[in-house]
Amino acid sequence: MLIKEWRRYVGEPDDQVELWLCDGSPLGIVARPVDRGIFPLYTDAGSAVVDPASLASETLTGRAFKAAADPDAISEISTLVSKNWLKRFSSKAQAKRFVKGKLILSDLIVITKVKRSRVKGKLVSKTKKRLILNLKKSGVTAVAVKAERPELPRVLDVIFANLELLKKWKKRWRKRSLRHVVLDFANAFFHFPTREDERRFFATRLGKDILVWMRTAQGSRGAPLVCGTALALIMRLASATIPKDEMSASTYVDDPISTFIGDKAQQDINIGKLIGSTHPCGFDLAFAKAQYSDTEPIITWTSARLELLDDEPGLKVTVKEDILTEVSADIEDMMRFNSVLVDKLRTLAGRATCISSLIHVWRPFVSMLWVPIYNTRSRCPFDPDRVWRSAVEVPLRWMRAFLAGTHGTLSRTYTLAAYRQEGDQYTVVTDASPLGLGAFLVKNGVITEFAFGTMNSIDEEVLKVKMGGSEGQQVWESLILLAALRLWSLVWRGRRITLAVQSDSVSALIMLIKMKADGIGTALISRELALDIAEAVYQPNVGSHIPGVTNVLADHLSRRLDDSAPLPAPLRHARRRWFPHRAHHWWRTL
């Protein structure tokens, strides 16, 4: 087989895909994929919770399955049967003889997805249908085992891979020397045959007929792993035909995006290699939906739109408007009630995950949404399908505050110069004492601005800590960091900067930025800081206090109550700035 010999030639370790294409794909019921060290393994949480022998053959609801009444579904089924991806039987007895065992019939349902977006200020809805076997209701999902967890690429992975290509080609860069190609695999799940001993679990009744899936079924627990693993292998094999400094590729299950760099002739040859390598392996490509950045200035991949810059090496990335609209609508709907439907919370978590693929500081808040979905302690006693809103109050309020500042759009521009930290270098140095806060801004090794001030009664009220004692030191050190970043936000939101603090505070600062801070006050500051960082292009780097005479400057500023004493020499030519008054409205997530 071509895939087998090709894989051996390039030294690819995943030798399972070629077996799946011949003998059938393991969907985690009777058989599971053999670990080849490509993706991390699931723990016991991915194990089956029900014995397959205990499943009922058919759940009788007394009404027709939803797909049977949908003309679009009937037409699609006929197409799938004609391609032998599904097999139709006129009786259940015939189907049982074919699968050589007891049939487990699942409802065939039509999932109707409505996408909402704003067009010229008006909310517009677009409907998309998909056929899904309701394997959860029939119990098939419960008997399947998730063996591995595919590592799916995020939008940021694509961005940084692009910037690495530009970094290597900087001296040869010119307008449009980078090209994106989005070319999906067509009918991705139907490329992979089912195993004979698992087909009986993937069947449905449509009218008087019985349908048995000969290819992996959408809605099954193991199909995304099979599809994602196999197509990732195909893309790795295809990419091996191209020099690694001339292209990069990321594959999100069945949606690959490829980036090519060089002159047009060179790019054309490499694109031809990529496409010509996938077809002989037996995989169809969706040319009708293909996107090329040389003909379309803005291309869409997963949850983002990407646009190459004309005036300098870099790219602009925008989250799809309909996702922002849907997330905002979901949050507002949830904030109206004291409890939230688990299904709606799961939908919000999935949509918010799309945003977190670009805005990394969304990730801990998205995790907060997932926790109560799988933790029954947060469920309402009067309805197990609901969770108390208080269990997700923090992420809902944070996301709402963030989206309030986006005005319906969310984009970031990544330039090669900022990525390489070219141009002016900035450092923010902070310190706090029981008496006050102090910070200064360093540009290319020279202190250009400084600020100092005291805490106030509102700080005490909001952060639940008192001034003047050592008990609140960690809170005040966190507060000055937040106050300083907001004061100099115009400096760092579009570039990489370094945050410098006293060396014994570095670990606390890292915990703060990673949203792992403990305590009421530091947790609030951490959420506020995450909101500010989410509006920036890069997360600030964290470093220890810069050496030399400046070791004492931030400490001096934090203990300076007025201008009665002369300034230290390094600060005398710097510009004095004032921290804005921290009233209640200063806090964005309260």
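Residues numbered from 1 in each chain as written. Predicted model: local features only at pLDDT ≥ 70, side-chain atom pairs only at ≥ 80, totals over all residues. Heavy atoms only, no water.

Draft legend 1. Representation of the overall build of the protein chain. Within the protein chain, the regular secondary structure consists of 20 helices and 22 strands. For the protein chain, the residues scored as buried account for 51% of the 590 residues in total. A sequence separation of at least 24 residues applies to 73% of the contacts in the protein chain between residues at least 6 apart. As presented, the protein chain carries roughly 27,600 Å² of accessible surface, and 53% of it is formed by carbon and sulfur atoms. (Helix = DSSP H or I, 4+ residues; strand = E, 2+ residues; numbered from the N terminus. Buried < 20%, exposed > 50% of the residue type's maximum accessible area, 1.4 Å probe, protein only. Contact = heavy atoms within 4.5 Å. Areas by Shrake-Rupley, 256 points an atom, 1.4 Å probe, with all protein chains shown as cover.)

Draft legend 2. Main features of the packing of helix α12 (residues 363-374) against helix α13 (residues 393-404). As a packed pair, α12 and α13 sit with axes 8 Å apart at the nearest point and diverge in direction by 140°. In terms of their interaxial angle, α12 and α13 are classed as oblique. Handedness of the α12/α13 crossing: left-handed. Of the residues in α13, those touching α12 at Phe365, Val366, Met368 and Leu369 are Val394, Pro395, Leu396, Trp398 and Met399. Taken together, the residues of the contact of α12 with α13 break down into nine nonpolar, no polar and no charged. (Axes fitted to C-alpha atoms, helices over the stretch in contact; angles between N-to-C directions. Parallel < 35°, antiparallel > 145°, perpendicular 65-115°, else oblique. Left-handed = near helix turned anticlockwise from the far one by under 90°. Nonpolar A, V, L, I, M, F, W, Y, C, P; charged D, E, K, R; others polar.)

Draft legend 3. Spotlight on helix α16 (residues 473-487). With 15 residues, α16 should reach 21 Å at 1.5 Å per residue; the first-to-last C-alpha distance of 21 Å fits that figure. Taking burial as the measure, the 15 residues of α16 include 13 buried ones, the bulk of the element. (Expected span 1.5 Å × (residues − 1).)

Draft legend 4. Quick look at empty space enclosed by the protein. Inspection of every chain in the model, using the stated rule, returns five cavities of 30 Å³ or more. Estimates place the volume of the second largest cavity at around 100 Å³. Surrounding the second largest cavity, 13 residues form its lining, Leu183, Met235, Pro256, Ser258 and Leu274 being those nearest its centre. Only β4 (178-182), β8 (255-261) and α9 (264-278) provide two or more residues apiece to the lining of the second largest cavity. Ranked by residues supplied to the lining of the second largest cavity, first place goes to α9 with four residues. For the lining of the second largest cavity, a count of residues per class yields 11 nonpolar, two polar and no charged. (1 Å grid on protein atoms, 1.4 Å probe; cavity = no way out; pocket = protein on both sides within 12 Å on 5 of 7 lines; lining within 4 Å. Points joined across faces, edges and corners; volume = space filled by probe spheres on them.)

Draft legend 5. Spatial organisation of unusual backbone geometry. Positive phi is not limited to glycine here, since asparagine 187 has a value of about 50°. Looking at where asparagine 187 falls in the secondary structure, it is placed in the loop between β4 and β5 (203-206). At threonine 302, a position not held by glycine, the phi torsion is positive, near 50°. Residue position: threonine 302 is located in the loop between β10 (298-301) and β11 (304-308).

Draft legend 6. Structural detail: the pattern of salt bridges. Counted according to the given criterion, the structure contains 31 salt bridges. Residue arginine 559 is joined to aspartate 555 by a salt bridge in which the shortest nitrogen-to-oxygen separation is 3.2 Å. On the basis of relative accessible area, aspartate 555 is assigned to the partly exposed category, the value being 26%. Connected via shared salt-bridge partners are Arg486, Arg493, Glu528, Asp532, Glu535 and Arg588. (Salt bridge = Lys/Arg side-chain N within 4 Å of Asp/Glu carboxyl O.)

Draft legend 7. Summary view of helix α8 (residues 223-239). Relative to the 24 Å expected for 17 residues at 1.5 Å per residue, α8 spans 24 Å between its end C-alpha atoms, a close match to the ideal helical length. Extensive coverage of α8 is indicated by the burial of 15 of its 17 residues.

Draft legend 8. Fine view of the sheet that holds strand β13 (residues 339-341). What the three strands build is an open sheet, ordered β13-β15-β14; its pairing is antiparallel. A strand with exactly one partner marks an edge of an open sheet, and here the two such strands are β13 and β14 (379-380). Pairing geometry for β13 and strand β15 (residues 383-388), over three bridges, is antiparallel. Looking at β15, one finds that serine 339 is bridged to tryptophan 388. (Pairing = 2+ DSSP bridges.)

Geometric values such as these leave the question of function open.
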